[in-house]
Amino acid sequence: MVQKGSSNSIHGEAGGCLIVMKSFKFIFILYLMHKIIGITDLLCRALQQKSFDILNAMDFVSTIKTLL
C-alpha cells in the first residue's frame, strides 16, 4: 500500500487510522450511511420494476423522503 517510508512511519499511519476508525464520530457516520444507502436501495429496486405506475412511484418516493 505504501511504497516509500520506514516501517515506523507506516505503523504510525496505521495506528492513527485505527484511532480515527474507533472514534464515535466515524462509527456514527458509518451507521447513518448504512441506513441511508439501505433505504435508497429499496427505492432504486422498487422504481426499476415495470409494474410500478407513476402514482405508486410518486407515493413511494414521498414515503422514502419521510424515512430519510
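Residues numbered from 1 in each chain as written. Predicted model: local features only at pLDDT ≥ 70, side-chain atom pairs only at ≥ 80, totals over all residues. Heavy atoms only, no water.

## Observations regarding the packing of aromatic side chains
Rules: Only rings of Phe, Tyr and Trp enter the pairing, Trp through its six-membered ring, and a pair is recorded when the two centres are within 6.5 Å. The plane angle decides the type: under 30 degrees is stacked, over 60 is edge-to-face, the rest tilted. Under the scheme used here, helices are H or I runs from DSSP no shorter than 4 residues and strands are E runs no shorter than 2 residues, and both carry numbers assigned from the N terminus. Accessibility here uses a 1.4 Å probe with only protein chains present; expressed as a share of the type maximum, an area under 20% marks a residue as buried, one over 50% as exposed, and anything in between as partly exposed.
For the structure shown, the criterion picks out one aromatic pair. With 5.7 Å between their ring centres and 15° between their planes, F24 and F28 make a pair best called stacked. With F24 and F28 both in helix α2 (residues 24–47), this residue pair falls four residues apart, about one helical turn. The partly exposed category is assigned to F28, whose relative accessible area is 41%.

## Focus on the packing of α2 against helix α3 (residues 54–67)
Angle between the axes and distance between the axes: these two values describe a pair of packed helices. What counts, and what does not: The axes are straight lines fitted to the C-alpha atoms, using for helices just the contacting stretch, and the angles between their N-to-C directions are given from 0 to 180°. What sets the label is the angle itself: under 35 degrees gives roughly parallel, over 145 gives roughly antiparallel, 65 to 115 gives roughly perpendicular, and the rest give oblique. Whether two residues are in contact is decided by their heavy atoms, any of which lying within 4.5 Å being enough. Only Asp, Glu, Lys and Arg are considered charged, only Ala, Val, Leu, Ile, Met, Phe, Trp, Tyr, Cys and Pro nonpolar, and every remaining residue, Gly among them, polar.
At a closest axis distance of 10 Å, the pairing of α2 and α3 adopts a crossing angle of 175°. The pairing of α2 with α3 is recorded here as roughly antiparallel in orientation. Along the contact surface, α2 presents I39, L42, L43, A46 and L47, while α3 presents A57, F60, V61, I64 and L67. Looking at side-chain class alone, the contact of α2 with α3 contains ten nonpolar, no polar and no charged residues.

## Thoughts on the confidence of the model for the protein
Heads up, the condition is: What pLDDT conveys is the predictor's confidence in a given residue, as a value from 0 to 100.
For the protein, the average pLDDT comes to 83, and 90% of its residues sit at 70 or higher. Looking across the protein, the model is least confident in helix α1 (residues 7–21), with a mean pLDDT of 77, and most confident in α2, with 91.

## As for α2
Heads up, the condition is: Here the expected length of a helix is defined as 1.5 Å per residue gap, with one fewer gap than residues.
Counted at 1.5 Å a residue, the expected span for α2 with its 24 residues is 34 Å, and the 35 Å between its end C-alpha atoms agrees. Regarding α2, the residues found buried are I39, L43 and A46. Against the buried residues of α2 lie α3.

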